[in-house]
Amino acid sequence: MLNILFVCYGNICRSPVAEGVFRQLVAETGFEEQLSCDSAGTASFHIGQLPDRRTRENALEHGLTLSHRARRFTGDDLAQFDYFVAMDETNLEAIEKLNYRSTGLYSNDTIFLLREFDPDVSDQPNVPDPYYEGPEVFEDVYQIALRCCRQLLTYLIQQHSLTEKKGKETKE
């Protein structure tokens, strides 16, 4: 089982959307027994809270229910997860620093920015934080997560030679 952790600042807007989208894609493609995911934040402001109301409303418009409770990214996550996917450069740096302090190693092959998997945009490394923005930015975040998570899933399938569960059809 490969475990992927999506990380943003407060774990109430961007990373829960990425987690929910990725979880849905994994289920649709039949890889639930091989891929698992969660999300966390580098800050502790919202621990225990559901995703932001606007995030949940936007997700519901796309048939996605978000029930994740915000939690903080910790050193224990480094041992429990195989891949770390940050929503922006600030959170990427936080993951890398904690990883280096915990292991003494830099890991370029397990820690990524989500937008590294964006097939449409190559010059923007960060997923915008919609917290202080309007509904259109929440929609942008959803669309970015959908594009990038599709590509991340393809990457993981190829990297680890994963095969679909028998009897499960892939949705195109």
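Scroll up for the structure.
Being a predicted model, the structure only gives us computed values, none of them experimental. (Residues numbered from 1 in each chain as written. Predicted model: local features only at pLDDT ≥ 70, side-chain atom pairs only at ≥ 80, totals over all residues. Heavy atoms only, no water.)

Asks: Hey, could you run me through unusual backbone geometry in this one?
Replies: Even without being glycine, Asn11 reaches a positive phi, approximately 65°. With respect to the secondary-structure elements, Asn11 resides in the loop between β1 (2–8) and α1 (14–29). One non-glycine residue, Ser161, adopts positive backbone phi at about 50°. (Helix = DSSP H or I, 4+ residues; strand = E, 2+ residues; numbered from the N terminus.)

Asks: Explain the nonpolar core here, please?
Replies: Soluble globular proteins tend to bury their nonpolar side chains together. Counting residues in hydrophobic clusters, the biggest one holds 34 residues, and the most contacted among them are Ile4, Phe6, Val21, Phe22, Leu35 and Leu114. Mapped onto this core, the elements with two or more residues apiece are β1, α1, β2 (35–41), β3 (83–86) and α5 (135–159). The element that contributes the greatest number of residues to this core is α5, accounting for 10 residues. Non-local contacts of Ile4, meaning those with residues more than four positions away in its chain, are made with Phe22, Leu35, Ser36, Cys37, Asp38, Phe81, Tyr83, Val85, Leu152 and Leu156. If you look at the next biggest cluster of nonpolar residues, it comprises 13 residues, including Phe81, Phe84, Ala86 and Ile111. (Core = buried A, V, L, I, M, F, W, Y, C linked by side-chain atoms within 4.5 Å. Buried < 20%, exposed > 50% of the residue type's maximum accessible area, 1.4 Å probe, protein only. Contact = heavy atoms within 4.5 Å.)

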